[in-house]
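Residue-level structural notes
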Amino acid sequence: MNNTIACAALIAAGCLSTGAHAQQVTMYGLLDLGVAYTTNANAAGDSIVKMPSLTASLPSRIGFRGSEDLGGGAQAIFALETGIGADMGTMGQGNRLFGRAAYVGLKNAYGQLMLGRQVNMTFLATARSDIIGPNIFSISSLDLYLPNARSDNAIGYLGVFKELTVGATYSFGRDASSAGGPAATGCVGEVPGNARACRQVTGMLAWDTKTWGASASYDQLRGGPGAANGLARAADTDRRISLNGYAVLGQTKIGGGAIERRIDAASDSRLGLYYLGASYTFDGPWQLDGQLSRLDVKDSPKASNLAVLRATYYLSRRTAVHASVGRMQNKGGAAIALDAGGTVGAGLNQSGVLMGVRHAF
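Note that the structure is a prediction, hence the values are computed from the model and not measured.

Section: the pairing of strand β13 (residues 252–264)
Pairing of strand β12 (residues 237–249) with β13 involves 13 bridges; the strand directions are antiparallel. Residue pairing across strands places Tyr246 opposite Gly255, the latter belonging to β13. Taken together, β12 and the strand that follows it, β13, pair antiparallel across an intervening segment of 2 residues, in which Gly250 is found at a positive phi of about 65°. Taking the residues between adjacent antiparallel strands as the criterion, β13 and strand β14 (residues 269–281) are bridged by 4 residues.

This is how it looks when you write it as structure tokens:
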């Protein structure tokens with residue numbers, strides 16, 4: 001054992017003594033804003049015109065990422081990324097300064113290891129199959145955790161081996177923000193004397209080729225003091241299992257998936273989310289996307305069906321104008337808003353349209 005530790009120390013010392021060859025730091029960002037109109041925004045059936053904060057076609061952000069060559073194929077990596085409510089210039093993700101990402105890590109041919117706040121495997125598993133993505137009208141409305149699947153205090157691993165991708169995260173305190181917000185899962189962070197409270201584990205397997213791909217993920221959030229969704233105890237859990245896939249046929253991409261959610265707490269519930277979409281890129285600067293999705297609450301009459309159509313016109317490689325139309329049908333007393341983070345009268349259906357502009361830098 002002593003010899004093993006000594007050898008490991010010598011190897012580590014050798015790596016640290018290798019001179020750094022280069023460091024790269026990139027600043028980047030995206031601003032996306034639009035004006036939305038939705039019907040039945042309250043119990044009285046009133047409509048509303050507004051500029052949404054959470055997203056238009058993509059959430060606004062600004063970030064920094066970088067790497068340093070450590071020699072021997074190894075790199076140091078980092079990322080700092082801030083979510084922006086561009087309508088009012090506020091910070092997103094529970095008012096965090098770097099709510100979209102704040103991690104440092106190491107990377108080599110066997111993958112990358114990251115420490116800090118980072119997207120977890122639920123986020124990555126649906127990224128290629130969800131045609132609409134975090135649009136104002138999308139599966140984000142049916143489960144706002146999905147586009148915000150990030151973990152505080154996390155250790156993450158991601159390895160890409162040709163077509164195969166393997167990933168996992170483990171969080172010691174999954175959501176320590178007290179600011180709340182529509183995407184908050186709520187928990188106090190690491191809890192002394194309780195090795196399970198507020199913990200989270202996620203895992204993913206994915207296979208991607210040039211013409212098709214498939215992924216599966218597992219996500220378990222444990223409860224604790226202050227946790228959302230009734231997860232008051234460490235024994236309480238909120239689990240999601242997803243199966244997702246896509247295929248590329250010329251200028252057309254088809255994607256879909258199923259996400260089964262199970263909450264075991266003082267009040268148990270089972271939910272199923274299913275989505276299927278397609279995207280077509282025209283020879284010119286146009287792109288057309290459409291998606292159908294459904295959320296079922298098991299052993300309940302509640303169900304919500306969502307239909308979305310989006311058109312995007314690229315003015316340049318970085319700038320685009322876009323328009324989205326959507327329809328949310330609520331059944332059995334369900335009250336899910338069409339627009340992510342929006343409002344709707346209980347049991348009412350909702351229609352909406354958004355027009356916006358997006359610029360990346």
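Looking at the nonpolar core
Counting residues in each nonpolar core, the largest one holds 19 residues, and the members touching the most others are Phe137, Leu142, Leu273, Leu295, Leu306, Met328 and Leu354. Elements with a minimum of two residues in this core: α3 (139–142), β14 and β16 (303–314). The dominant element in this core, judged by the number of residues it contributes, is β14, at 3 residues. Of all hydrophobic cores here, the second largest spans 9 residues; its members include Val191, Cys198, Ala234 and Ile263.

Things to note about the confidence of the model for the protein chain
Per-residue confidence for the protein chain averages 91 on the pLDDT scale, and 92% of its residues sit at or above 70. Ignoring residues within four places in sequence, the model shows residues 1–20, a span with pLDDT below 50, making 7 contacts including any to other chains.

Observations concerning the side chain of Gln200
Structurally, Gln200 is set in strand β10 (residues 200–208). A distance of 2.6 Å separates polar atoms of two side chains, one belonging to Gln200 and the other to Ser151. In terms of polar contacts, Gln200 uses its side chain to reach the side chain of Asp219, at 3.0 Å. Here Gln200 is in contact with Asn120, Tyr145, Arg150, Ser151, Thr169, Tyr170, Ser171, Arg174, Asp219, Gln220 and Leu221, once residues within four sequence places are set aside.

What about the layout of surface pockets?
Quantified by volume, the largest pocket comes out at close to 1200 Å³. Together, 47 residues line the largest pocket, and Arg61, Arg100, Val119, Phe123 and Leu124 are the ones closest to its centre. In terms of residue count, strand β4 (residues 74–85) provides more of the lining of the largest pocket than any other element does, 5 residues in total. When grouped by side-chain class, the residues that make up the lining of the largest pocket number 23 nonpolar, 14 polar and 10 charged.

About the criteria used
- Residues numbered from 1 in each chain as written.
- Predicted model: local features only at pLDDT ≥ 70, side-chain atom pairs only at ≥ 80, totals over all residues.
- Heavy atoms only, no water.
- Pairing = 2+ DSSP bridges.
- Helix = DSSP H or I, 4+ residues; strand = E, 2+ residues; numbered from the N terminus.
- Core = buried A, V, L, I, M, F, W, Y, C linked by side-chain atoms within 4.5 Å.
- Buried < 20%, exposed > 50% of the residue type's maximum accessible area, 1.4 Å probe, protein only.
- pLDDT = per-residue confidence, 0-100.
- Contact = heavy atoms within 4.5 Å.
- Polar contact = N/O pair within 3.5 Å; in protein donor to acceptor, adjacent residues only side chain to side chain.
- 1 Å grid on protein atoms, 1.4 Å probe; cavity = no way out; pocket = protein on both sides within 12 Å on 5 of 7 lines; lining within 4 Å.
- Points joined across faces, edges and corners; volume = space filled by probe spheres on them.
- Nonpolar A, V, L, I, M, F, W, Y, C, P; charged D, E, K, R; others polar.

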